[in-house]
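# Survey of secondary and tertiary structure
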Amino acid sequence: MKIETIRKRLDKADLGQIIGPFEVEIDAIRTDPTMQVRDRLDSDNLRRLRSAYRAGADVPPLLIAFVEGGGDLPVVIDGHHRFAVLETLKAEAQVRGSSPIKTVSAKVARLTAAEARFQAAMANNAHGLQLKPKESRRVFAAYVRAGHHRTGNSYKSYREIGKELSRDHKTIIAWMKADFPAIAAKMEKPEKANAGGEGPPPPVTLLKHDIETWLLEGRNLFEKARSGDRQTMVEGLEALLPEFRKAQEECSAWEWDDMLDHFQQQHHDASNVEF
């Protein structure tokens, strides 16, 4: 189905309502690195999905969304592994001259940017692949930014939030105080974090999160280049560069240098890609 037709149907649906599934052209779907809380895609899951698609097995539909203020094309919310495999198979087919997969089954919604990131984070949290601590931290950040730490005009308790995110409430307290101190101060009768839990890890700032997701997107682009789709890699990196420059303008010199040193240590493997 044409993406324009799907969008017209969504105009008649409520914000957040999911419709479909539809057969959507792969080229009409885009990815947004801020919709992915994982540092990298899981190679075993990619191989499993690759075998499933090549065998013609049933694979669950993607969840994609038109994000308010995010352009005319929908972004992947749930199904980053599936979409990466489909793009790779499509690129390989083009190189070999065989018939590529052109469409994918997808459910569609219209979401705010904050809710889209929350839905994407919770999708990762619900899957069987265990999240790393800092990936779980990003799920928490998306949860708060989407306003799910509140019920109406009241704040949820730390235990309620911990139950919804499957985290110890002492960890939630530490994260809230470190990442959202203003909210922590406003929460009614804030509970105290005792010994135990995971303790307060280094604060996750929005800029650090953005840079990590940009690096993830860069690695994914290099993976596509391995299949011969180097033009996609070049175009993708060119699209990421303006965002990096904008972030640099918003940082002081020492903040930027400190940020780069941090991510060179954490992601040094990103430059060791073989073609």
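Being a predicted model, the structure only gives us computed values, none of them experimental. (Residues numbered from 1 in each chain as written. Predicted model: local features only at pLDDT ≥ 70, side-chain atom pairs only at ≥ 80, totals over all residues. Heavy atoms only, no water.)

Once that is clear, we can look at the overall build of the protein chain. From N to C terminus, the protein chain includes eleven helices and six strands. With 275 residues in all, the protein chain has 42% of them scored as buried. In the protein chain, of all internal contacts separated by at least 6 residues, the share reaching a separation of at least 24 is 73%. As presented, the protein chain carries roughly 15,100 Å² of accessible surface, and 50% of it is formed by carbon and sulfur atoms. (Helix = DSSP H or I, 4+ residues; strand = E, 2+ residues; numbered from the N terminus. Buried < 20%, exposed > 50% of the residue type's maximum accessible area, 1.4 Å probe, protein only. Contact = heavy atoms within 4.5 Å. Areas by Shrake-Rupley, 256 points an atom, 1.4 Å probe, with all protein chains shown as cover.)

A few words on the pattern of salt bridges. Scanning all chains against the criterion turns up eleven salt bridges. Measuring nitrogen to oxygen at the nearest pair gives 3.3 Å for the salt bridge that ties Lys90 to Asp27. Of this pair, Lys90 sits in helix H3 (residues 80-96) while Asp27 sits in the loop between strand S1 (19-25) and helix H2 (43-55), and the two are 63 residues apart along the sequence. The class for Lys90 is buried, based on a relative accessible area of 13%. A relative accessible area of 57% means that Asp27 is categorised as exposed. For Asp179, the salt bridge identified is with Arg137, shortest N-O distance 2.6 Å. Here Asp179, found in helix H7 (residues 169-179), pairs with Arg137, found in helix H5 (residues 133-145); they are 42 residues apart in sequence, far enough to count as distant. Take Asp179 and Arg137: they sit in the same class, and that class is buried. (Salt bridge = Lys/Arg side-chain N within 4 Å of Asp/Glu carboxyl O.)

Counting across every chain of the model gives one cavity of 30 Å³ or more. Reported here for the largest cavity is a volume of approximately 40 Å³. If you trace the largest cavity, you find it lined by Asn125, Leu131, Ser136, Val139, Phe140, Leu165 and Arg167. Top contributing element to the lining of the largest cavity by residue count: H5, with three residues. For the lining of the largest cavity, the residue count by class is four nonpolar, two polar and one charged. (1 Å grid on protein atoms, 1.4 Å probe; cavity = no way out; pocket = protein on both sides within 12 Å on 5 of 7 lines; lining within 4 Å. Points joined across faces, edges and corners; volume = space filled by probe spheres on them. Nonpolar A, V, L, I, M, F, W, Y, C, P; charged D, E, K, R; others polar.)

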